[in-house]
Amino acid sequence: MLAKGRHGVDAAALTTARQALPGAAPLVHCLTNTVVQTLTANALLAVGAAPAMVDEPAEAEGFAAVASAVLVNVGTVNRRTAEAMRLAARSAAAAGTPWVLDPVAVGGLAFRTELADELLGSRPAVVRGNASEVMALAGAGAGGRGVDSTAAADDALDAAVALAGRTGGVVAVSGAVDVVTDGSRTVRVGGGSPLLTRTTGAGCALGALVAAYVAVAGDPLTGAVAAHAHVALAAEAAAAVAAGPGTFAPLWLDALDALTDLSAAQVTA
Amino acid sequence: MLAKGRHGVDAAALTTARQALPGAAPLVHCLTNTVVQTLTANALLAVGAAPAMVDEPAEAEGFAAVASAVLVNVGTVNRRTAEAMRLAARSAAAAGTPWVLDPVAVGGLAFRTELADELLGSRPAVVRGNASEVMALAGAGAGGRGVDSTAAADDALDAAVALAGRTGGVVAVSGAVDVVTDGSRTVRVGGGSPLLTRTTGAGCALGALVAAYVAVAGDPLTGAVAAHAHVALAAEAAAAVAAGPGTFAPLWLDALDALTDLSAAQVTA
Amino acid sequence: MLAKGRHGVDAAALTTARQALPGAAPLVHCLTNTVVQTLTANALLAVGAAPAMVDEPAEAEGFAAVASAVLVNVGTVNRRTAEAMRLAARSAAAAGTPWVLDPVAVGGLAFRTELADELLGSRPAVVRGNASEVMALAGAGAGGRGVDSTAAADDALDAAVALAGRTGGVVAVSGAVDVVTDGSRTVRVGGGSPLLTRTTGAGCALGALVAAYVAVAGDPLTGAVAAHAHVALAAEAAAAVAAGPGTFAPLWLDALDALTDLSAAQVTA
């Protein structure tokens, strides 16, 4: 039985995880889309993680085995990178390395939808997407038309819980209020800024930060919530001084770097 | 017979198109080069459009059919993405979806020159390039050495008119003063800033904005002119406050977002 | 016998090379990783060079032959781009065009390590990497875990000298103090900022600037040192005004553009 609404994460553990990042410097192996690679790498560097983008099948399997965490994001997947993603996910699973699946635009496009469904077999520690994507991946919806989502995160709660049951991991649904669940514990993260949705790759970078956090946090739910809290607080700080969506992006990176205390995050049951 | 010099676009229609963008939120399917994907996506988001980069042949045909507009930019084309471009252009043409061809560096490189020539058969609503590229695509020149152009836009006017006759669409030539023609009506857009030429991908992002504008404007010529006017005015605003080419780019995105009135654009016959 | 420690570069020649760039506008053909293409292109534009990213095998051979210089960076290499790199390196060598090899993450990954070793046969004018990469390429170490390096540049001096002996060219090792050698002359470049290591692609962009500089400087050692000096001075200027790693990147591009005098660089024997 699900105990939805029980707040299962210790607030102090979020800040502990954040402060552990620079010392641990987790190597995050990213197989991600070409639109967002730069922002993703810079976001990882900003929080103290070490990014490495390796998506050639000849290299992905071995590299995933030595990484601290792996991110698989299907945003601009093609036949070559799909093979690299399969190898990296299997390699991470075999090594016990946590990996994150970001099912960008799954639902509307058969090729990536079938791939993402197959990748679930390697049991991602975290699935992170918007409501449309999570519902589509769980088989509960037809998916959105791209990376945007017209549904609220809570609309996907049942799908997220079902998906978590299938993977044995955490599912994080991004929205005005994010919903993060491991199937029994559900946590919501508020705050943030609408400018995140005006910045290409902010959600994708969040997926990479989830991977970094899960590598240092003992618990995937704590790691996922900490990453969402960090992104939201940094977005608020950046939005307070940005003149628009263009200047927001570098200021958000500055804030990701500067923020070392996550206790002000709007984390609720 | 050509009536060059007749100003065929209503100035008020430019602002109408600009203000229609956020509500319409046209889904712009971009098959574009990997150097400029981030700036392109952010420019589309800044004006209120919804970008989606999908360049796998298994997905491109279906996605182009549901998009509001399609951009094909051959800047870093390879054999795989060339096939995706063929499928997307045909699919857009079959669906009656407007699509834009950006023939980056066509002329000097046989592989992409043959591809761009073949793509013309799918009748792009707009071809957008610099003078060298447009002359090469029209068969009137040997092409430039890359994305830069040593010729003025008006040097390519005859080539642009000939090319428009071949596609039945609009041809836009970027330069210090841009020249936009549908073969019978020719419009010039002045202003802008030299900093646009110091920012990689500014021209490519313009091609994507043309696609977004054509999706919401009734008339491809109006849409193409509105996109050029919006880019030029935003560049002027950004150049006034930028400290150099690096800070110009985010400020240009801010200005693309903030500008809702295009009536100050230097649009002439 | 090696005369390490003899300062073999005329300080005035560095500024001469820098000021020659905008007039010469060398066309730099970049086959580089998809994470850093945007920053690389913008850095080249900032100093007055003309970037062109062409990595399709059908185009790379011919394009390298007409470029002023070629950059080969294996950061996100795959089977297709590896073939383009082989063709471009051979074509550059045959044409007498200087080319630069950036052996990103060589050592830990067999596919790219074998490729980089093979590419050395086309005798790059400059190899630029961090200490781990240079030691791995010279066969003296096991390589690092990615693009970061835990070794100081001087730890790789013997490897760099050996590698220079093998290529007949220059080897540049990036670090807190950079070490640049042609095997007989060794020059160190200090200064810079730790924020360069927090910006994805700063080192890769440096590799591209080395290519641009070598195209205009008579001597590869002078060109390589000038590029390192320019990057370091610009980083100092940007770090003085940046609020963090996010705002550093655009300010560094501004400073690359603004700096026309390299005489303040910390260039020593």
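None of the values given here were measured: they were computed from a predicted structure.

**So, the interface of chain C and chain A**
Consideration 1: Taken together, the contact pairs 20 residues of chain C with 23 residues of chain A.
Consideration 2: For the pairing of chain C and chain A, the buried interface totals around 1,900 Å² over both sides, and the portion due to carbon and sulfur atoms is 53%.
Consideration 3: Inspection of the region where chain C meets chain A yields three salt bridges.
Consideration 4: A salt bridge links Arg79(C) to Glu56(A), with the shortest nitrogen-to-oxygen separation between them at 3.5 Å.
Consideration 5: Where chain C packs against chain A, one counts 12 residue pairs in polar contact (both at pLDDT 80 or more).

**Concerning the UniProt feature "binding site: ATP" (unreviewed entry) in chain A**
All names here are of chain A.
Consideration 1: Here the UniProt-annotated "binding site: ATP" (unreviewed entry) positions come out as Arg-128 and Ser-174. On the basis of their most widely separated C-alpha atoms, the annotated residues across 47 residues gather in one place, lying no more than 7.4 Å apart.
Consideration 2: Assessed through its relative accessible area of 6%, Arg-128 is described here as buried.
Consideration 3: Ignoring any residue separated from it by four or fewer positions in sequence, one finds Arg-128 in contact with Leu-101, Asp-102, Pro-103, Ala-172, Ser-174, Gly-203, Cys-204, Leu-206, Gly-207 and His-228.

**A look at unusual backbone geometry**
Among all residues save glycine, negative phi is the norm, and among peptide bonds the norm is trans.
Residue and element names in this part refer to chain A.
Consideration 1: Despite not being glycine, Ala-105 shows a phi value in the positive range, around 65 degrees.
Consideration 2: Along the polypeptide, Ala-105 turns up in the loop between strand S4 (99-102) and helix H5 (110-119).
Consideration 3: With a phi angle near 55 degrees, Arg-123 is a residue other than glycine that sits in the positive phi range.
Consideration 4: Positionally, Arg-123 belongs in the loop between H5 and strand S5 (126-130).

**A word on the relation of the copies chain B and chain A**
Note on the chain copies: they are related by a rotation about an axis and a translation along it.
Consideration 1: When chain B is fitted onto chain A, the two copies agree to an RMSD of 0.0 Å after a turn of 120 degrees and an axial shift of 0.0 Å. Such a turn and shift between the copies fits a three-fold axis. No C-alpha of chain B approaches the rotation axis more nearly than that of Thr34(B), which lies at 3.8 Å.
Consideration 2: Counting the interface residues of chain B, we find that no more than 4% of their copies in chain A are interface residues as well, pointing to two distinct contact surfaces.

Conventions adopted
- Residues numbered from 1 in each chain as written.
- Chains lettered and ligands numbered in written order.
- Predicted model: local features only at pLDDT ≥ 70, side-chain atom pairs only at ≥ 80, totals over all residues.
- Heavy atoms only, no water.
- Contact = heavy atoms within 4.5 Å.
- Buried area = accessible area lost by both parts, 1.4 Å probe.
- Salt bridge = Lys/Arg side-chain N within 4 Å of Asp/Glu carboxyl O.
- Polar contact = N/O pair within 3.5 Å; in protein donor to acceptor, adjacent residues only side chain to side chain.
- UniProt positions renumbered as here; feature names shortened; annotations may be inferred.
- Buried < 20%, exposed > 50% of the residue type's maximum accessible area, 1.4 Å probe, protein only.
- Helix = DSSP H or I, 4+ residues; strand = E, 2+ residues; numbered from the N terminus.
- Least-squares fit on C-alpha atoms with pLDDT ≥ 70 in both.

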